[in-house]
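Chain by chain, the residues run as shown.
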Amino acid sequence: MSKSQSLNAEIYQALHTGTFGDWQFYKSLVQKKLKLKKVKDKKAQDHATLNVLELGCGSGRILCELAELRIKLTGFELNDELLALCKANISQRFDKTATAEIDYILGDFSKLEACFDQQGHQQKKYFDLIILPYNGIYCLRNEEEQVQLIREAINLLAPQGELWFDGYALPDPSEYAYESADEYSPLTVIDLGASKKRPERVLGVEELDVFQIEQQRFTAHYRFVAPEEEIINEPLHGRIEQIEHRYLYPWQLPKLCQQAGAKIIKLMADFGGQDMTATTDLRTACEWGIDAEHWVIGITKA
Ligand SMILES: C[S@@+](CC[C@H](N)C(=O)[O-])C[C@H]1O[C@@H](n2cnc3c(N)ncnc32)[C@H](O)[C@@H]1O
């Protein structure tokens with residue numbers, strides 16, 4: 001289970017604001033596929049719809065953007081608090097006007113196949129598009145689990161279906177000196193809005209990052225700090241939470257996908273960035289992590 005589980009859902013939402021251009025990218029993918037499906041399925045013009053799954057939908061940051069499209073949408077999430085917040089965010093934003101037909105699954109994507117084999121989820125199988133945004137793949141503990149997720153996800157794809165996911169790109173450790181921090185430094189200030197007791201709730205967040213290079217493991221520790229006059233009333237003051245990632249270097253992606261039985265449709269440096277699909281030496285072609293801060297990949301069944 002991911003350590004992200006321990007983070008309070010509201011705080012998780014406040015801290016996880018996405019990668020620049022990500023939801024616009026995923027939304028345009030859905031729109032393009034929907035258009036294509038309508039063209040192909042001329043008879044069913046208005047009825048042609050798309051079956052889309054978001055793995056690790058969190059508080060619904062991206063799901064909310066997709067909910068206004070005429071599609072079938074499934075949000076899959078491990079954390080029940082986040083899934084509840086996701087449903088609440090969608091109802092609040094759309095007030096029953098969401099065009100998509102939305103389903104929610106509380107489940108663990110490290111056992112994706114087993115989860116979909118469960119009674120009740122059988123009919124939901126076979127998606128035109130599966131997305132796993134915002135470093136979701138890094139929530140798994142090791143390469144085996146990551147390969148298994150990709151394999152099981154592509155097995156849920158309809159013919160011509162695609163799986164798209166992204167992650168932050170870290171530079172090559174042989175050329176870049178990674179240093180773990182030994183003390184907390186200020187990261188941001190989050191506003192959790194009003195509570196019953198007081199008009200507003202603002203928390204400072206400090207971060208301490210630890211790298212274990214050999215294991216490709218990154219642990220972010222977050223410490224919450226209330227404003228001085230609020231310290232006594234703030235239960236989160238001084239609390240420390242952590243998020244653990246098994247990150248990937250972009251040049252590991254082709255092998256990972258091949259092991260999972262997938263072929264690459266497109267590999268990009270950043271959302272809307274340089275197309276690296278045909279590049280043979282991903283390690284040196286671009287200084288990933290310096291020039292490009294993220295990778296984005298689209299794959300399908302080989
Ligand atoms: C970085 S967040 C991305 C949230 C959302 N997709 C977004 O873009 O804002 C990763 C999400 O994956 C969920 N997650 C982590 N491990 C999971 C697992 N094994 N099964 C299902 N969801 C998981 C986390 O709880 C979290 O909501």
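Per chain, residue numbering runs from 1 following the sequence as it is written. Given that the model is predicted, a residue must reach a pLDDT of at least 70 before its local features are reported, and side-chain atom pairs must reach 80 or more before they are shown or counted; all residues, however, enter totals for whole chains, interfaces and linings.

Undergrad: Pulling in residues and values, what's your account of the sheet that holds strand β9 (residues 240-246)?
TA: Pairing between strands is defined by DSSP: at least two bridges between them are needed. Only DSSP runs of H or I with at least four residues qualify as helices, and only runs of E with at least two residues qualify as strands; both kinds are numbered from the N terminus onward. On the basis of which strands lie adjacent, the open sheet formed by 4 strands has the order β6-β7-β8-β9 and antiparallel pairing. Two strands lie at the open edges of the sheet, namely β6 (185-191) and β9, each paired on one side alone. Neighbour to neighbour, the strand axes of the sheet diverge by 25 degrees on average, direction disregarded. When strand β7 (residues 202-212) meets strand β8 (residues 217-225), the two strands line up antiparallel, connected through 9 bridges. Its bridge partner being in β8, Val-205 is matched across the sheet by Phe-224. Axis angles are defined between N-to-C directions and span 0 to 180 degrees, where every axis is a line fitted to C-alpha atoms and, for a helix, only to the segment in contact.

Undergrad: Give a description of the environment of Ala-262 that names residues and reports values.
TA: Here Ala-262 is to be found in strand β10 (residues 262-269). Residues Ala-262 and Val-147, spaced 115 residues apart in sequence, show a C-alpha to C-alpha distance of 10.0 Å. When near neighbours in sequence (up to four residues on either side) are disregarded, Ala-262 contacts Ile-150, Ile-154, Cys-257, Ile-299, Thr-300, Lys-301 and Ala-302. It is the C-beta atoms, placed from the backbone, that decide contacts: two residues are in contact if theirs lie within 7 Å.

Undergrad: Residues and numbers for the nonpolar core, please.
TA: What tends to happen in soluble globular proteins is that the nonpolar side chains get buried as a cluster. Counting 56 residues, the largest nonpolar core has Val-52, Leu-63, Leu-66, Ile-130, Ala-153, Ile-154 and Trp-295 as the members making the most contacts within it. For Leu-66, the contacting residues outside a window of four places in its chain are Lys-27, Val-30, Val-52, Ile-71, Leu-73 and Ala-100. Residues enter a nonpolar core if they are buried, belong to Ala, Val, Leu, Ile, Met, Phe, Trp, Tyr or Cys, and are joined to the set through C-beta atoms within 7 Å. To sort residues by exposure, count the other C-beta atoms lying within 10 Å of each residue's C-beta; 20 or more gives buried, 12 or fewer gives exposed, and values between give partly exposed, all with C-beta atoms placed from the backbone.

Undergrad: Describe the environment of Asp-291, listing the residues and the values that go with them.
TA: One can find Asp-291 in the loop between α8 (282-285) and β11 (294-301). For Asp-291, a count of 13 C-beta atoms within 10 Å gives the class partly exposed. Each C-alpha atom, one on Asp-291 and one on Pro-159, is 35 Å from the other, the two residues being 132 residues apart in sequence.

Undergrad: Got a sec to walk through the sheet that holds strand β1 (residues 51-55)? Specific residues and values, please.
TA: Consider a sheet: its strands pair through backbone hydrogen bonds, and that pairing is either parallel or antiparallel. Spatial ordering of the open sheet is given by β3-β2-β1-β4-β5-β11-β10, a layout of 7 strands whose pairing is mixed. Edge positions in the sheet fall to β3 (101-106) and β10, since each has one partner strand and no second. The sheet shows a mean angle of 15 degrees between the axes of neighbouring strands, direction not considered. Of the pairings in the sheet, the one linking strand β2 (residues 72-77) to β3 comprises 6 bridges and is parallel in character.

Undergrad: Quick one: what's the story with helix α4 (residues 80-94), residue by residue and with numbers?
TA: Given the number of residues in a helix, its expected span is that number minus one, multiplied by 1.5 Å. Along its 15 residues, α4 runs 21 Å from first to last C-alpha, staying within 8% of the 21 Å computed at 1.5 Å per residue. Along α4, the positions that sit buried rather than exposed are Leu-82, Leu-83, Cys-86 and Ile-90. Considered in projection along α4, the buried side chains sweep an arc of 100 degrees and stay on one side of the axis. For α4, the exposed residues set more than 90 degrees away from the buried face come down to Asp-80, Ser-91 and Gln-92. Turning to α4, the residues buried within the fold contact α1 (9-15), α3 (63-66), β2 and β3. The arc refers to the directions leading from the helix axis to the C-beta atoms.

Undergrad: Explain the confidence of the model for the protein chain residue by residue, including any values.
TA: Confidence of the predictor in every single residue is expressed as pLDDT, which spans 0 to 100. In this model, the protein chain carries a mean pLDDT of 90, and residues with pLDDT of at least 70 account for 94%. The element-level mean pLDDT for the protein chain is lowest in α8, coming to 85, with helix α6 (residues 143-154) highest at 98. Note that pLDDT drops below 50 for residues 1-6; the model gives that stretch 11 contacts with residues more than four away or on any other chain.

Undergrad: Break down helix α2 (residues 22-40) for me, with residues and values.
TA: Relative to the 27 Å expected for 19 residues at 1.5 Å per residue, α2 spans 27 Å between its end C-alpha atoms, a close match to the ideal helical length. Elements in contact with the buried residues of α2: β1, α3, β4 (127-132) and β11.

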